[in-house]
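# An overview of the molecular structure
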Amino acid sequence: MNEDTWTAISAVATAASAVTTALAFGAVVWQSRLTRKALRVSQDVALDTARSRLDAGAPQVTVRLEEPTWPPLAPAQFGMPLGPWPATHSWHFPRGQDDRIFLQAEVVIENHGSWPVQVQFDGDLVTPVGEDRRIRPAPSPALVPGRDASGAPGALRVFLQKAYTIQEFTENHDAHEAGQPLPHTVTGTVTVHDDRDNGVVDTWNLLLTGHPVMPDPNRGSVWIVVPEHIDGPSGRRSLTYDLLPPRERTYWVSRRRQEPLDAAPAPRQAG
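As a starting point, this report considers the structure included with it. Fair warning: this is a prediction, and the values are worked out from it, not measured in the lab.

## Digging into the packing of aromatic side chains
- Following the criterion strictly, the structure yields three aromatic pairs and no others.
- Pairing Trp85 with Trp91 gives two aromatic rings, centres 5.1 Å apart and planes at 75°, and the pair type is edge-to-face.
- In this structure Trp85 comes out as buried when scored by relative accessible area, which is 13%.
- Classification of Trp91 by relative accessible area gives buried; the value is 1%.

## Thoughts on the pattern of salt bridges
- All chains considered together, the criterion is met by ten salt bridges.
- Where Arg219 meets Asp216, a salt bridge forms, and the shortest distance between an N and an O atom there is 2.9 Å.
- Judged by relative accessible area, which is 37%, Arg219 ranks as partly exposed.
- A residue is classified by how much of its surface remains accessible, and Asp216, at 13% relative accessible area, is buried.
- The network of salt bridges with shared partners includes Arg64, Glu66, Glu106, Glu110 and Arg157.

## Topic: the environment of Tyr251
- Within the secondary structure layout, Tyr251 lies in strand 16 (residues 246-254).
- The exposure class assigned to Tyr251 is buried, which follows from its relative accessible area of 5%.
- For Tyr251 and Ala50, which are 201 residues apart along the polypeptide, the C-alpha to C-alpha distance reads 8.9 Å.
- Within polar-contact distance, the side chain of Tyr251 engages the side chain of Asp55 at 2.7 Å.

## Quick look at the environment of Ser238
- Along the chain, Ser238 falls in the loop between strand 14 (222-225) and strand 15 (239-241).
- Sequence separation of Ser238 and Gly210 is 28 residues, and the distance between their C-alpha atoms is 5.6 Å.
- Contacts of Ser238, omitting those with residues within four sequence positions, involve Trp70, Thr209, Gly210, His211, Pro212 and Val226.

## Thoughts on the sheet that holds strand 4 (residues 90-92)
- The three strands lie next to each other as 4-14-13, forming an open sheet whose pairing is antiparallel. Of all the strands in the sheet, the pair left with one neighbour each is strand 4 and strand 13 (213-215). For this sheet the average axis-to-axis angle between neighbouring strands, irrespective of direction, equals 30°.
- Sheet analysis places strand 4 next to strand 14, joined by three bridges and oriented antiparallel. When the sheet's bridge partners are listed, Ser90 is paired in strand 14 with Ile224.
- Packed onto the sheet, helix 2 (residues 166-177) meets strand 4, strand 13 and strand 14 and runs at close to 75° relative to strand 13.

## A few points about helix 2
- Here helix 2 contains twelve residues, and its C-alpha end-to-end distance of 16 Å stays within 8% of the 16 Å for a straight helix at 1.5 Å per residue.
- Here helix 2 has its buried residues at Ile166, Phe169, Thr170, Asn172, His173 and Ala175.
- Of the residues trailing helix 2, Gly179 is marked for its positive phi of about 70°.

## Describing the nonpolar core
- If you look at the biggest cluster of nonpolar residues, it comprises 35 residues, and the most contacted ones within it are Val107, Ile109, Phe121, Leu125, Val190 and Leu206.
- Elements supplying a minimum of two residues to this core: strand 1 (61-65), strand 5 (100-111), strand 6 (117-123), strand 10 (154-165), helix 2, strand 11 (185-193), strand 12 (200-210) and strand 14.
- Considering each element in turn, this core owes the most residues, five residues, to strand 5.
- Setting aside anything within four residues of it in sequence, one finds Val107 in contact with Val63, Arg64, Leu65, Leu125, Leu156, Arg157, Val158, Leu160 and Leu206.

## Regarding unusual backbone geometry
- Backbone torsion omega between Trp70 and Pro71 reads 0°, so that peptide bond is classified as cis.
- Turning to its location among the elements, Pro71 is positioned in the loop between strand 1 and strand 2 (73-74).
- Cis geometry marks the peptide bond from Phe93 to Pro94; its omega dihedral reads 5°.
- Position of Pro94 relative to the elements: it lies in the loop between strand 4 and strand 5.

Reading the values: rules and limits
Residues numbered from 1 in each chain as written. Predicted model: local features only at pLDDT ≥ 70, side-chain atom pairs only at ≥ 80, totals over all residues. Heavy atoms only, no water. Phe/Tyr/Trp six-rings, centres within 6.5 Å; stacked < 30°, edge-to-face > 60°. Buried < 20%, exposed > 50% of the residue type's maximum accessible area, 1.4 Å probe, protein only. Salt bridge = Lys/Arg side-chain N within 4 Å of Asp/Glu carboxyl O. Helix = DSSP H or I, 4+ residues; strand = E, 2+ residues; numbered from the N terminus. Polar contact = N/O pair within 3.5 Å; in protein donor to acceptor, adjacent residues only side chain to side chain. Contact = heavy atoms within 4.5 Å. Pairing = 2+ DSSP bridges. Axes fitted to C-alpha atoms, helices over the stretch in contact; angles between N-to-C directions. Expected span 1.5 Å × (residues − 1). Core = buried A, V, L, I, M, F, W, Y, C linked by side-chain atoms within 4.5 Å.

Nothing here speaks to function; it is all geometry.
Here it is, written out as structure tokens:
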């Protein structure tokens, strides 16, 4: 063979070798991806299995809001709010802008399980104490299972409650009209667990807000409680709340060592 022929054969061989090397590298990459995918699937299955095991032994607790009190409440000198503002009451600005309105809803926490659980309250969750019904932050008690005289599950009842001035509620009204988030809200958190180190912690985030006052359509600088609607709905339509707030569940390998089962919490559920 002449030199040109050998050169051509050598070039073909080199190209074939390069193709073979590329194919081999591609096969390694593909196999590596398959391995990683299989590992992720295996990890997901293991996490799902662990979550299912913890779900099976988790506290059986539900949290719900009763319908918020309406009309909104007037403050008392001490203790719980006295009662609703009269439907005919009006606030003339600037004289009445510092009067206060309470937004309030009762929160019911029920234990449907067969063992006690620990309940922790944070935020604007309160309870009346003593004969004068003075407002105190809700305690963090144990909620034991059982049934009351009506056959209902063991339950705790506290109030999601906070007062804002009429001026602050006009800011809520203006934000609502502008399609913006309301700046003044009532919030609370209920957290439940049964003290097990390897277990779950359930959390419910509660929200009550709204724009319970509106400008008087016939008088300037005067505000009134949102009235009944002509087609029937009450002024409660001006409030925003969730009667069945979603539950967020966190799974723990060890709560004591602050080791969650995985970085992402489980999907949110109502309850």
